[in-house]
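Now for the letters of each chain:
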Amino acid sequence: MKCIDLTPYTVPKVANAILSDFEISLIYGWRDGGKSTSAFRILAWKCLLDKHFRWALCRSKYNEIAGSVFQTMQDEIKAMKLESYFLIKKDRFQIINKHNPNNFFFGASAEQPDKIRSTPNLNGVLMEEAHDCTENDFVSLLGTTRNRKGQETKPKFVFLFNNDKVTEKSFIATTFFDEKGYLYNRSERVHISYEDNPFIEQEATKQKLLNICFGDVVKFNNLTKGLFIKEEIQSPWLYSWQSNRDKIIVDDLPFYDSMPIYISFDFNNDPLSCIVSQHSSGNHNLTANPFIHVLKEYQTPFKGTIQNPFIEIYNHIMRDFNNPKQIFITGDASGFQNRMGLVGGSRHFYDLILKTFNLGEFHLKTPLTNPLHTASRHNYNTIIHYHPMFRISNKGCPNLINDMDIAEATDKNGKGDELLKDRKENKMDLFDASRYYLWTYFNTFK
C-alpha cells in the first residue's frame with residue numbers, strides 16, 4: 001500500500017473527515033479554518049495513490065465550477081508541486097492522473113446530475129459552498145449515485161460550507177444537525193475554526209476576525225463556535241432589541257437577598273412558564289441607581305388539572321434563591337379564571353399560587369386584564385431603549401432571550417402590533433411572562 005504523511009499539507013480534522021467511513025461528512029465553519037484547502041489537498045494525493053479514484057467536484061450551478069472548485073483544485077495541486085503528475089482538461093473540468101488515467105476528478109452540479117450518473121464506480125462527491133444548495137440540490141446529487149454489485153466502496157459525500165451562511169431553520173440544520181433528522185446518524189459533522197488551522201498565525205487571525213465583526217465579541221464567539229444564523233425577522237415586535245441586545249444581555253446577574261423577587265407567570269397547557277426578576281424602581285427613571293434584572297426562567301409541563309402544578313417551580317425558586325424573604329406575584333390575567341379540579345379548594349391559578357408560596361393577597365400584583373399588544377409593545381421597546389440598567393441573565397434566561405430574538409409582529413386583521421406565535425415552535429410563553437412583568441411595574445416608564 002502506498003502511504004504518505006499528510007500532516008504538512010492538511011488540517012488534521014479535515015483529513016480525518018475525508019478519510020472516515022461515514023457516507024456523508026459535513027465539514028463546516030467560519031473563516032480561515034482551511035476547510036477547502038485541506039480537503040482538496042488530501043483528495044489530490046488520493047487521486048495519485050489510490051488504486052481506484054473517481055470524484056465529482058461540484059457546485060450548485062455548473063457555470064460556477066470554473067472559477068471556484070475546479071480552479072481551487074488546480075491551485076492546491078500547484079502549491080504542493082504536483083502539477084507534472086496531472087493532466088488538466090478545462091473543457092470538461094477534468095483533472096486526470098497521468099500515470100493512471102482511470103483516476104480522475106470531473107466537474108458536476110446539482111443542475112446537471114447526469115455527469116455523476118454516467119460515471120461508473122464513483123468514489124465520492126465533494127460539494128463546495130454547500131450553503132448555496134437547496135434541498136432539491138441535495139436530493140439531486142444524492143439520488144444520482146449508484147451502488148453497483150461488486151463495488152468495494154460506497155460513494156462518499158463531502159459537503160463544505162460556512163456556518164455564517166446557514167440559518168437555524170434551514171434544511172441543512174434540520175436534516176443533518178437535528179438528532180431527530182433521518183440522516184443525522186448516517187452523517188458526521190466536523191466543525192473547523194481558525195484555531196484548528198496550524199498554518200496561520202493565530203493571534204493575528206483572531207484580531208482580523210474581530211475586526212470583521214467590528215469588535216462584536218458575542219458575534220465573533222458565535223461564528224467561531226460554528227453556530228448558525230437566526231432567521232431574519234420581517235417585522236420585529238421588539239424593534240429596539242437588536243441595537244441594544246449586547247448591552248442588555250450579560251453573562252450573569254447578582255441576586256440581592258435583602259430585596260424582593262418578582263415572579264411573573266404565563267399559563268398554557270404546556271408548559272407552565274415564569275420568570276424571576278428584581279428591580280429597584282417603578283414607573284419613572286429618576287430614582288437613583290435604577291435597575292431591572294431578569295434573573296431566571298422556569299418552565300415545567302402541567303401535570304393535568306388535578307394536583308398542584310406549581311410545587312415544582314416553588315421548590316426550584318426556594319432552592320435557587322435561598323428562601324427569599326419577600327415574593328410578589330404577577331403575570332397572565334387568565335390566571336384569575338375559575339377552574340375546576342384545583343387542589344385545596346382553590347378558585348383559580350393565582351389562588352393556588354398564593355397558597356403554594358404561603359403568601360397573602362397583598363403579594364399579588366397582577367392586573368385583572370392583560371395589556372393590549374399595542375400598549376405593551378410600546379412599553380417594552382421604551383424600556384429596552386431608554387432604561388439605563390435593564391439587564392437579562394444569559395445564564396439564567398436562554399429561552400427568554402431566544403423568544404426576544406424571534407419575536408415578530410403580525411399584520412393579520414390590521415393588527416400590526418399583535419405578537420406572532422403558535423403552539424409548536426414559537427410558543428413565546430416566557431416572552432409573555434416578561435411582558436406582563438414589565439407592564440405591571442413599569443407601564444408608565446418613559
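Use the structure listed above.
First, a word on what this report is: a plain description of the structure on this page. None of the values given here were measured: they were computed from a predicted structure.

### Topic: the overall build of the protein chain
In terms of helices and strands, the protein chain carries 14 helices and 16 strands. In terms of overall size, the protein chain is more extended than a compact globule, its C-alpha atoms giving a radius of gyration of 29 Å where 446 residues would be expected to give roughly 22 Å. Seen along its three principal axes, the alpha-carbon backbone of the protein chain occupies a region of about 90 × 45 × 45 Å. Residue burial in the protein chain is summarised as follows: out of 446 residues, 52% are buried. Considering only contacts in the protein chain between residues 6 or more positions apart, those separated by 24 or more positions represent 72%. As displayed, the protein chain offers around 22400 Å² of accessible surface, 49% of which is attributable to carbon and sulfur atoms. The protein chain carries 54 positive and 52 negative side-chain charges, and their two centres are separated by 4 Å.

### Description of the nonpolar core
Formed by 35 residues in total, the largest nonpolar core has its most connected members in Ile18, Ile27, Leu43, Met73, Phe86, Phe105 and Leu126. Counting residues per element, this core draws most heavily on helix 2 (residues 35–49), which supplies eight residues. Setting aside residues no more than four positions away along its own chain, Leu126 makes contact with Ala39, Phe40, Leu43, Trp55, Ala56, Leu57, Cys58, Val69, Val158 and Leu160. Counting 32 residues, the second-largest nonpolar core is a separate cluster that includes Leu238, Ile383, Phe442 and Phe445.

### Focus on the environment of Cys133
Mapped onto the elements, Cys133 comes out in the loop between strand 6 (124–127) and helix 5 (135–142). A sequence separation of 142 residues divides Cys133 from Ile275, and the C-alpha atoms of the two residues are 40 Å apart. If sequence neighbours within four positions are ignored, Cys133 has contacts with Ser60, Met127, Phe138 and Phe171.

### Brief notes about the state of the cysteines
Following the criterion strictly, the structure yields zero disulfides and no others. With no disulfide of its own, Cys133 lies closest to Cys58 among cysteine sulfurs, the gap being 8.5 Å. The exposure class of Cys133 is buried, given its relative accessible area of 7%. Left without a disulfide partner, Cys397 is nearest to the cysteine sulfur of Cys274, which lies 10 Å away.

### Details of helix 3 (residues 69–79)
For helix 3, the complete set of buried residues consists of Val69, Phe70, Met73, Gln74, Glu76 and Ile77. One face of helix 3 carries all of its buried residues, which in axial projection span an arc of 165°. Lys81 sits one or two residues past helix 3 and shows a positive phi near 60°.

### A look at unusual backbone geometry
Of all residues except glycine, most have a negative phi; of all peptide bonds, most are trans. Even without being a glycine, Lys81 presents a positive backbone phi close to 60°. Positionally, Lys81 belongs in the loop between helix 3 and strand 3 (86–89). Judged by its relative accessible area of 68%, Lys81 falls in the exposed class. One non-glycine residue, Asn358, lies in the positive phi region at around 60°. Along the chain, Asn358 falls in the loop between helix 11 (349–357) and helix 12 (373–386). Given the relative accessible area of 69%, Asn358 is considered exposed.

### Examining the packing of helix 12 against helix 14 (residues 429–442)
The geometry of helix 12 relative to helix 14 is characterised by a closest axis approach of 10 Å and an angle of 80° between their N-to-C directions. One way to sum up the angle between helix 12 and helix 14 is to call them roughly perpendicular. Contact residues: helix 12 offers His373, Ala375, Ser376, Asn379, Tyr380 and Ile383, while helix 14 offers Phe431, Ser434, Arg435, Leu438, Trp439 and Phe442. Within the contact of helix 12 with helix 14, the residues separate by chemical class into seven nonpolar, four polar and one charged.

### Examining the packing of aromatic side chains
This model, assessed by the stated rule, comprises 37 aromatic pairs. Between Tyr28 and Phe161, the aromatic rings sit 5.4 Å apart at their centres with planes inclined by 10°, giving stacked as the arrangement. A residue pair is termed long-range when its members are at least 10 positions apart, and Tyr28 in strand 1 (residues 24–29) and Phe161 in strand 7 (residues 156–162) qualify at 133 residues. Look at Phe328 and Phe362: their rings are 5.9 Å apart centre to centre, the planes differ by 70°, and that puts the pair in the edge-to-face class. Of the two residues, Phe328 sits in strand 13 (residues 327–331) while Phe362 sits in the loop between helix 11 and helix 12, which places them 34 residues apart along the sequence.

### Considering the pattern of salt bridges
Taken as a whole, this structure holds 13 salt bridges when the rule is applied. Across the salt bridge formed by Asp32 and Lys208, the nearest N and O atoms sit 2.7 Å from each other. Of the two residues, Asp32 sits in the loop between strand 1 and helix 2 while Lys208 sits in helix 7 (residues 202–212), which places them 176 residues apart along the sequence. Through salt bridges with shared partners, one network takes in Arg59, Glu64 and Asp132.

Scoring rules and cut-offs
- Residues numbered from 1 in each chain as written.
- Predicted model: local features only at pLDDT ≥ 70, side-chain atom pairs only at ≥ 80, totals over all residues.
- Heavy atoms only, no water.
- Helix = DSSP H or I, 4+ residues; strand = E, 2+ residues; numbered from the N terminus.
- Rg over C-alpha atoms; globule rule 2.2 N^0.38 Å.
- Buried < 20%, exposed > 50% of the residue type's maximum accessible area, 1.4 Å probe, protein only.
- Contact = heavy atoms within 4.5 Å.
- Areas by Shrake-Rupley, 256 points an atom, 1.4 Å probe, with all protein chains shown as cover.
- Lys, Arg positive; Asp, Glu negative; His and termini not counted.
- Charge placed at Lys NZ, Arg CZ, Asp CG, Glu CD.
- Core = buried A, V, L, I, M, F, W, Y, C linked by side-chain atoms within 4.5 Å.
- Disulfide = S-S within 2.5 Å.
- Arc of directions from axis to C-beta.
- Axes fitted to C-alpha atoms, helices over the stretch in contact; angles between N-to-C directions.
- Parallel < 35°, antiparallel > 145°, perpendicular 65-115°, else oblique.
- Nonpolar A, V, L, I, M, F, W, Y, C, P; charged D, E, K, R; others polar.
- Phe/Tyr/Trp six-rings, centres within 6.5 Å; stacked < 30°, edge-to-face > 60°.
- Salt bridge = Lys/Arg side-chain N within 4 Å of Asp/Glu carboxyl O.

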